[in-house]
Each structure stands twice: as C-alpha cells, then as structure tokens.
Amino acid sequence: MKAAVLTEVNKPLQILDVDVDPPKAGEARVKMKATGICMSDWHIMTGDWPTRCPIVLGHEAAGIVTELGPGPSHLSVGDHVIFSFTSHCGHCRYCNSGRSVLCNGYKAPGFMMNDGTTRMSFKAEPVYQMGRIGTFREEVVCSTENLISIRKDVPWTVAAIIGCSVATGIGAVTRGAKVPSGASVLVVGCGGVGLNIVQGARLVGARTVVAVDLLDNKLEYAKAFGATHTINGKTEKVVEQVRAITGGGVDYAFDAIGTEATVLQIVDAVAAGGVATMVGIPSMTTRAAISPFSMVFQEKTLGASFYGSVQPDIDFPIFADLYMGKKINLDALISRTFKLEEINEGFEQLRTGGVARGVIVFD
Ligand code: CXF
Ligand code: ZN
C-alpha cells in the first residue's frame, strides 16, 4: 500500500510501500477516497508539535469500509465514513457529557491505536498514525470509534473536509460559542477553518461578519462565504476598523490562526461583555500577554473551541445534510485536488496561500 510518510521532521513526505495489518475486534479497514491537507499536518512536519517518526500524517478524510474486525460493529462493509481524529471511549467523563472530542479514556499517545500499538509497518518497523488514523495513504486500519457513517450521496472531497475544517469552523460558532442570530462576529484568518467560521456565522443569522486576513484573495473568498466587511490586517489597523464598523466592538470574535497577535486582536476587538474564542491551534511555545485588568472591567470572556466542540457522531451527518440541502457551501472551499504523489506540492500551496483547501483524491 502506498503511503506518504514523514520519516524525519523538516523533510518532505516520502511515498513508501508500507504494510497494513488486518483489523482487530472493534476496528475496520477503510479504502481511502479523499483526504484534505491541513495546517496541523504542517505543524507536525516542521517539528512545531512534537511527534514520533516514521509517521503517516493526515486526519481530514473520508472513505469506504471494506473489512471489519471480528465481533459486532455499528458499521457495515460498504459504509461511507468520515474520520474523526479524536477517540470516543464511551466511558470517560468527557464522552459521558457529550464532549467526546476531549476523550481521555486511553493512555496510548495520539499517534498510536487505542491499545498502544500500530497497524502499519515499514520493513517490519512500526509506522505511527496521526490522530490514531493517519490518512495520507491508500488504506487505513483504525478503531471504528474514529469512523462516522454518513449518507452515500455526498461527494468524497466534501465528506473529507467535514472531518476537520468544516467541523472545527462551523462547530466553533454553533457548538462552541453558540452565536445567536443577530450577533456581530469577527473572524481572524480566512483559511479552511476561518472560512467555515464565516459561513457558520452566516448560517446562524449573524448581522455583521467582519473577516480579517493578510491576503486579499482570501478576503475575496470570505465575501463569497458571507463576510459583510473585510479588513486586510497587513495594511489596516484591525481593532480600530472593527470598532468603527460595529460602533464599539463585536459580540463574538474568533481566532483561526493562533499567534499572540491574533489572540490579542480578538480580545481587544470584542465589545464589553463579548466572547472571544481561540480556534486555530498555536505552536506549543506561544504565549499571549492579555490584560486581565481590562477583561474584568469589561466582563470579556476568552475561551477556546477544539474540533468545533462537536460530537462527531451527531454533527458529521448534520453537516452532510446541511451541504446536500444547500445550506452551507463546501464546494467552493475545495480549490484544488492532488494525487497522493503530489502531496508535497499540496503543502507548498497551503503555505503560500494559493488554496482555500487542497484535497488529495484516490482512484
Ligand atoms: C488537529 C489537532 C491534533 C490532532 C490532529 C488534528 N486538529 C486539526 O487540524
Ligand atoms: Zn486539520
């Protein structure tokens, strides 16, 4: 089986012929159909987030179930599935309170299966799997906890991006901050996640949606996804502009980037009583010097949403229905498709801002 493998940090991915073990009880084999290229993969490739090599990255994906391990399963061969990059043990306090994206029921590190082994090897040495899945390959064996069955009429590329950027962005609005109709919203960063925050805000009936990016082509995308105002953060003063547009600041602000500058921007740009939500995952070393004094006096809230605070089993089929019912636009997010062999070019495009989302497709 062909897989794009990170053999060493700061090296391009290599296409290698790796071996996959058959699924054990509670596991499935999935033939990959599409997998998106996300900034989180890049964080690992650059060593920004610690990892163990060799590893197959990729965590935003969809495919078709071709084999199930022994024993009962909630899935069937032939199911169309979207991958979740979080576990769902069903026993921990997070799973039991509807917050399974925070599941802490397994001791194994996140680049292995729940039981602390892998189902992939190269020359008899283990190959690790990002988010317990690792989807930059032709076939994945993973726990069925990481697979959500969806309707079969959703295009594969669309199904794939539901599994990270769509869930993270729209979920941050609907499940995380729970933005009400009529609110004013600021979105900093208009990549795959940011554009989904923009369209999440439109979906819930936000009155004003201000989008910020450093690149004008991304601001054009933001307008197409429902931004009422755009600000180029390179040439304009973001907080001043937001205050001018909204008469004092927004009700809700989202940071889809995760730098100190963008975290401070969302805190400064919310009005008194407003809610700022961090969504983009920062480098491990990032620190942000917020002003607790002004936050208390203005009763501002700073919070975070991981994976859109969704429940994958419930929310992925909802996103599929919203797309099929033309309530959200996912086609325009997919600006380019690549073959697995072209994956390093896909990352180059992601870094230079050429695409909203690049997606790898398999035959
Ligand atoms: C990441 C978070 C850490 C595990 C893999 C995916 N999130 C989104 O891109
Ligand atoms: Zn991602």
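Once a new chain begins, its residue numbering starts again from 1 and follows that chain's sequence as written. To read the labels, note that chains go from A and ligands from 1, taken in the order they are written. Per-residue local features are limited, in this predicted model, to residues with pLDDT of at least 70; the limit for side-chain atom pairs, both in listing and counting, is 80 or more; totals at the level of whole chains, interfaces and linings are taken over all residues. Side-chain descriptors were evaluated using all non-hydrogen atoms of the structure, hydrogens and water having been removed beforehand.

Points about the overall build of the protein
Then, number 1: Helical segments are the DSSP runs of H or I of at least four residues, strand segments are the runs of E of at least two, and each set is numbered from the N terminus. Assigned secondary structure in the protein consists of nine helices and 20 strands.
Then, number 2: We compute the radius of gyration over the C-alpha atoms and compare it with the globule rule, which gives 2.2 Å times the number of residues raised to the power 0.38. Taking 21 Å as the expected radius of gyration for a compact globule of 363 residues, we find that the protein reaches 20 Å, a close match to that expectation.
Then, number 3: Type-normalised accessible area, obtained with a 1.4 Å probe on protein chains alone, sets the label of each residue: buried when under 20%, exposed when over 50%, and partly exposed for intermediate values. Expressed as a percentage of its 363 residues, the buried residues of the protein come to 53%.
Then, number 4: Within the protein, contacts between residues separated by at least 24 positions form 69% of all contacts whose residues are at least 6 apart in sequence.
Then, number 5: Residue-level accessible areas treat just the shown protein chains as cover; the underlying method is Shrake-Rupley with a 1.4 Å probe. Summing over all exposed atoms, the protein offers an accessible surface of approximately 15,000 Å²; the carbon and sulfur share of this is 53%.
Then, number 6: Mean positive and mean negative side-chain charge positions of the protein (33 and 35 charges, respectively) differ by 3 Å. Pairs of residues are marked as contacts when any of their non-hydrogen atoms sit within 4.5 Å. Here Asp and Glu are counted as negative and Lys and Arg as positive; His is not counted, and neither are the chain ends. Every charge is mapped onto a representative atom, which is NZ of Lys, CZ of Arg, CG of Asp or CD of Glu.

Considering the packing of aromatic side chains
We describe a pair of aromatic rings using the distance from one ring centre to the other and the angle between the two ring planes.
Then, number 1: Ring pairs shown here join Phe, Tyr and Trp side chains whose ring centres sit within 6.5 Å, with only the six-membered ring taken for Trp; geometry is labelled stacked below 30 degrees between planes, edge-to-face above 60, and tilted in between. As enumerated under the stated definition, the model contains eight aromatic pairs in all.
Then, number 2: Arranged with centres 6.2 Å apart and planes meeting at 55°, the rings of Y307 and F316 form a pair that is tilted.
Then, number 3: With a relative accessible area of 0%, F316 lands in the buried category.
Then, number 4: Grouping aromatic residues by their ring pairs yields a cluster made of F85, F306, Y307 and F316.
Then, number 5: Two thresholds decide whether a charge sits over a ring: the Lys NZ or Arg CZ must be within 6 Å of the ring centre and within 35 degrees of the ring normal. Geometry around Y128 places R52 over its ring, the cationic atom sitting 5.3 Å from the centre.

Remarks on the environment of A356
Then, number 1: Relative to the helices and strands, A356 resides in the loop between α9 (343-352) and β20 (357-361).
Then, number 2: A relative accessible area of 2% means that A356 is categorised as buried.
Then, number 3: It is 9.7 Å that separates the C-alpha atoms of A356 and N217, two residues lying 139 residues apart in sequence.
Then, number 4: Beyond its immediate sequence surroundings of up to four residues, A356 is in contact with G191, G192, L195, Y221, L333 and S335.

What about the pairing of strand β4 (residues 27-37)?
Then, number 1: For β4, the tally of buried residues reaches 10 of 11 residues, placing the bulk of the element in the interior.
Then, number 2: Criterion used throughout: strands pair if DSSP finds at least two bridges between them. Sheet topology note: the β4/strand β11 (residues 139-143) ladder contains five bridges and is antiparallel. Of the residues in β11, the one forming a bridge with E27 is S143.
Then, number 3: Pairing of β4 with strand β6 (residues 61-68), which is carried by seven bridges, proceeds in the antiparallel orientation. By the bridge assignment for β6, M32 is matched with G63.
Then, number 4: Alignment of β4 against β20, held across four bridges, turns out to be antiparallel. Residue pairing across strands places A34 opposite V361, the latter belonging to β20.

Digging into the nonpolar core
Then, number 1: In terms of nonpolar packing, the biggest core is built from 97 residues, with F136 and F254 touching the most fellow members.
Then, number 2: With 11 residues, helix α2 (residues 156-176) is the single largest residue contributor to this core.
Then, number 3: With 15 residues, the next largest nonpolar core counts L186, V212, V250 and A269 among its residues. Buried Ala, Val, Leu, Ile, Met, Phe, Trp, Tyr and Cys residues form a nonpolar core when they are joined through side-chain atoms within 4.5 Å.

Here's the deal with the site of ligand 1
Then, number 1: Residues in close proximity to ligand 1 include C38, S40, H59, F85, M130, C164, I281 and F306, which together make up its full environment.
Then, number 2: Polar contact is the term for a pair of N or O atoms within 3.5 Å; when the atoms are in protein, one must be able to donate a hydrogen and the other to accept it, and sequence-neighboring residues count only if both atoms are side-chain atoms. S40 is positioned with one of its side-chain polar atoms (N or O) 2.5 Å from an oxygen atom of ligand 1.
Then, number 3: One nitrogen or oxygen atom from the side chain of H59 is found 3.1 Å from an oxygen atom belonging to ligand 1.
Then, number 4: Relative to its unbound accessible surface of 270 Å², ligand 1 loses 81% to contact with the protein.
Then, number 5: Across the shell around ligand 1, the residue classes tally to six nonpolar, two polar and no charged. Near, as used in this document, describes a residue that has one of its heavy atoms within 4 Å of the molecule or strand being considered. Gly is placed with the polar residues, together with every amino acid not listed as nonpolar (Ala, Val, Leu, Ile, Met, Phe, Trp, Tyr, Cys and Pro) or charged (Asp, Glu, Lys and Arg).

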